Amino acid sequence: MEKAGDGRNGHAEGSAAGAAGGGGGGRVRGFLRRHGLVVLTVCGVLAGVALGAAVRGAAVRGAARVAYLAFPGELLLRMLRMVILPLVVCSLVSGAASLDTRSLGRLGGIALAYFLGTTLLAAGLAVALGFIVRPGAGAAATLSAPALALPGAVRTKKETVDSFLDLVRNLFPANLVVAAFRTYATDYELLVRNTTSGNVTLEKIPVGTEIEGMNILGLVLFALLLGVALKKLGREGEDLIRFFNSFNEATMVLVSWIMWYVPIGIMFLVGSKIVEMEDIMLLVTSLGKYIFASILGHFIHGGIILPLIYFASTRQNPYRFLLGLITPLTTAFATSSSSATLPSMIKCIEENNGVDKRISRFILPIGATVNMDGAAIFQCMAAVFIAQLNNVDLNAGQIFTILVTATASSVGAAGVPAGGVLTIAIILEAIGLPTNDLSLILAVDWIVDRTTTVVNVEGDALGAGILNYLNEKAKKEKEQELKEVSVEAVPNSKCEGETAPLVTHKNQLSNTTSTADPESKESVL
């Protein structure tokens, strides 16, 4: 009997060992099934670096050849931008309509405070690092370097007040169809006036124009208001809410298909950018301290400050949260576009991190438009860098102006082509610095802009995670309060049918008071 038992135990142990071996392979397959897209995306970046180095080593240069090499990556960008409009509008309408007015106002207030607070922290960090690292000290010689000169002049003569007025105008687009592909911007006409003394004066008159680029800011505000209006309609608005919900889900299916093309597109985007570089060593050695200071600011803010804010708000591991977002963060690094990263961010944050759809589709489109932590670091660092290039010592008033202007003007940067550089021009004009040194910033913008975009989208994602946690916590507290509600009352024979459903009647108390005065039977409520 003992031998038989030993045999059975040995067979069981062998089966367990075999199952463990099979389980190991199953775990590998399960990991690849869950994280296959992440692995392919990282491999796409590495393959892009190798492809760019190989093509560069083969001396295959020229603008036409680079354009052909970048064509698969261009397709990726076009597909991602294709779904931005329906994704932003439908997700915000359905998100605003699915939340009650009280929750919408509370979450909106928390989101606004988070966006402004983190952007102001980012701007302050950049200014502090600028004074510590001093990237512009001793770098004035690069101003005359012929290799750094860029063809054409940068148009930076826009008045600061007009930039902020354009921001408000874009919040209220006059034509929603036009807002889908064009943005309002102020231009100027010079009017020649002859004075009575015979002198000629030039007067700059602001003229409204439309420039290429989707007015996401106006579309976001309209979608939010439309969602709230449909919620207020009640039953009459349910059909239209279901339409936007279905449209949104169909758009997410398209996004899931596009995501499998991301590794291929990223490979060619990275490879073409490496081939396109002219003299990377000159740029890095001449502007190395500026590049280092900017990327260091992005690393500190994105790797330490934002995770600490998330941990302080949720008491959860922020790096585990970010681990589920490797694909959109890699996409942000390759595309340098917060808007193009939005589809993959929504998909991954819902599927990998379990964020409520109502939260993610409400807050992420807004964050992609108004929350620009990385851009604030980039812009403030550039302002300090140019001040140091021109041997200008910034005073307290100028530093305060940099912080406020960068925080406020970063809101509208997403909808304007080269919005980051134009915002730097606004900051420089606000503190009285020359804007002709922006060509140096443009020369290395493609390097710094990648980490800038990563920090931008990371801030949006962590903000959505914080809002999701606070919303879940509020729901649990509300459910607990409802469970604990037990109002003791004496049933009133005159109005028994009108007693509130949460009222708990005590039969014992009813029996003891049955012979008492009828007035004593009135409800304690």
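Since the model is a prediction, treat every value here as computed from it, not as a measurement.

**Some thoughts on the overall build of the chain**
Within the chain one finds 21 helices and four strands. Looking at the chain residue by residue over its 525 residues, the buried ones come to 44%. Across the chain, every contact between residues at least 6 apart in sequence was considered, and the portion connecting residues at least 24 apart equals 80%. When the accessible surface of the chain is totalled, it reaches about 26,700 Å², and 63% of it is carbon and sulfur.

**Section: unusual backbone geometry**
In this structure, Arg-315 takes a positive phi of about 55° despite not being glycine. Tracing the chain through its elements places Arg-315 in the loop between α12 (288–314) and α13 (318–323). With phi around 55°, Asn-391 is a residue other than glycine that occupies positive phi space. Residue position: Asn-391 is located in the loop between α17 (373–389) and α18 (396–409).

**Some thoughts on α17**
Its 17 residues give α17 an end-to-end C-alpha distance of 24 Å, which sits within 8% of 24 Å, the value for a rise of 1.5 Å per residue. Burial analysis of α17 places 17 of its 17 residues in the buried class, which makes it a mostly covered element. Downstream of α17 by one or two residues, Asn-391 has phi in the positive range, about 55°.

**With respect to the confidence of the model for the chain**
Of all residues in the chain, 74% have pLDDT values of 70 or greater, and the mean over the chain is 76. Overall, residues 493–525 carries pLDDT values under 50, and its contacts beyond four positions in sequence, including any with other chains, amount to 34 contacts.

**Comments concerning the environment of Leu-224**
Of note, Leu-224 is situated in helix α8 (residues 216–233). A C-alpha to C-alpha distance of 5.9 Å links Leu-224 and Ala-96, two positions 128 residues apart in sequence. Ignoring any residue separated from it by four or fewer positions in sequence, one finds Leu-224 in contact with Leu-92, Ala-96, Phe-362 and Ile-366.

**Focus on the pattern of salt bridges**
The tally for this structure, following the rule as stated, stands at nine salt bridges. Two residues, Glu-351 and Lys-347, come together in a salt bridge whose shortest N-O distance is 3.1 Å. Placement of both Glu-351 and Lys-347 in helix α15 (residues 338–351) is noted, with a separation of four residues, approximately one turn of the helix. Since its relative accessible area comes to 56%, Glu-351 is described here as exposed. Residue Lys-475 pairs with Glu-472 through a salt bridge whose shortest N-O separation is 3.6 Å. Here Lys-475 pairs with Glu-472, and both are found in helix α20 (residues 438–484), just three residues apart, close to one helical turn. You can call Glu-472 partly exposed: its relative accessible area is 28%. Among the charged side chains, a network of salt bridges with common partners joins Glu-249, Glu-350, Lys-357 and Arg-361.

**A closer look at the packing of α8 against helix α16 (residues 357–370)**
In contact at an axis separation of 9 Å, α8 and α16 are set at 150° when each is read in the N-to-C sense. Here α8 lies roughly antiparallel to α16, going by the angle between them. As α8 packs across α16, the resulting crossing turns out to be left-handed. On the side of α8, the interface is formed by Ile-216, Leu-217, Val-220 and Leu-224, while α16 contributes Phe-362, Pro-365, Ile-366, Thr-369 and Val-370.

**A closer look at empty space enclosed by the protein**
In total, this model carries one cavity of 30 Å³ or more according to the counting rule given. Roughly 40 Å³ of internal volume is contained in the largest cavity. Of all the secondary-structure elements, those providing two or more residues to the lining of the largest cavity are α15, α16 and α20. Sorting elements by how many residues they give to the lining of the largest cavity places α15 first, with four residues. Among the residues forming the lining of the largest cavity, the class breakdown is five nonpolar, two polar and one charged.

**What to know about a nonpolar patch on the surface**
Where nonpolar side chains cluster on the molecular surface, the patch consists of Leu-190, Val-192, Val-200 and Leu-202 and spans about 420 Å² of accessible area. For the nonpolar patch, the elements supplying multiple residues, two or more each, are β1 (182–194) and β2 (200–212). Here Leu-190 shows up in strand β1. Take Leu-190: its relative accessible area is 60%, and that puts it in the exposed class.

**Digging into α12**
Helix length check: α12, at 27 residues, gives a terminal C-alpha distance of 38 Å against a target of 39 Å (1.5 Å per residue), a fit within 8%. The principal kink in α12, of about 30°, is found at His-301.

**Brief notes about the side chain of Asp-460**
Of note, Asp-460 is situated in helix α20. Although Asp-460 lies buried, it forms no salt bridge, and the closest oppositely charged side chain, Arg-361, sits 15 Å away as judged by the N-O distance. In contact with Asp-460, not counting residues within four places along its chain, are Leu-364, Gly-367, Ala-368 and Asn-371.

**Brief notes about the packing of aromatic side chains**
The full count for this structure, using the stated rule, is five aromatic pairs. Considering the side-chain rings of Phe-243 and Phe-247, the 5.9 Å spacing of their centres and the 70° angle between planes classify their relative orientation as edge-to-face. In this pair, Phe-243 and Phe-247 are both assigned in helix α9 (residues 238–259), four residues apart and thus about one turn of the helix distant. Of the residues examined, Phe-247 reaches a relative accessible area of 37% and is grouped as partly exposed. For the ring pair Tyr-310 and Phe-321, a centre distance of 5.1 Å and an interplane angle of 35° mean the geometry is tilted. Residue Tyr-310 is found in helix α12, and its partner Phe-321 is found in helix α13; the two are separated by 11 residues along the sequence. Overall, the relative accessible area of 3% leaves Tyr-310 in the buried class.

**Some points on the packing of helix α4 (residues 84–98) against α15**
Their axes nearest at 10 Å, the elements α4 and α15 cross at an angle of 60°. Taken together, the axis directions place α4 and α15 in an arrangement best described as oblique. You can see that α4 and α15 cross each other, and the crossing is left-handed. The residues of α15 that touch α4, namely those facing Ile-84, Leu-87 and Val-88, are Ser-339, Ala-340, Leu-342, Pro-343 and Ile-346. For the contact of α4 with α15, the residue count by class is seven nonpolar, one polar and no charged.

Here is what the cut-offs are and how they apply
Residues numbered from 1 in each chain as written. Predicted model: local features only at pLDDT ≥ 70, side-chain atom pairs only at ≥ 80, totals over all residues. Heavy atoms only, no water. Helix = DSSP H or I, 4+ residues; strand = E, 2+ residues; numbered from the N terminus. Buried < 20%, exposed > 50% of the residue type's maximum accessible area, 1.4 Å probe, protein only. Contact = heavy atoms within 4.5 Å. Areas by Shrake-Rupley, 256 points an atom, 1.4 Å probe, with all protein chains shown as cover. Expected span 1.5 Å × (residues − 1). pLDDT = per-residue confidence, 0-100. Salt bridge = Lys/Arg side-chain N within 4 Å of Asp/Glu carboxyl O. Axes fitted to C-alpha atoms, helices over the stretch in contact; angles between N-to-C directions. Parallel < 35°, antiparallel > 145°, perpendicular 65-115°, else oblique. Left-handed = near helix turned anticlockwise from the far one by under 90°. 1 Å grid on protein atoms, 1.4 Å probe; cavity = no way out; pocket = protein on both sides within 12 Å on 5 of 7 lines; lining within 4 Å. Points joined across faces, edges and corners; volume = space filled by probe spheres on them. Nonpolar A, V, L, I, M, F, W, Y, C, P; charged D, E, K, R; others polar. Patch = residues over 30% accessible without salt bridge, like charges linked within 9 Å, V, L, I, M, F, W, Y side chains within 5 Å. Bend = angle between axes of the 7 residues up to and from the residue. Lys, Arg positive; Asp, Glu negative; His and termini not counted. Phe/Tyr/Trp six-rings, centres within 6.5 Å; stacked < 30°, edge-to-face > 60°.

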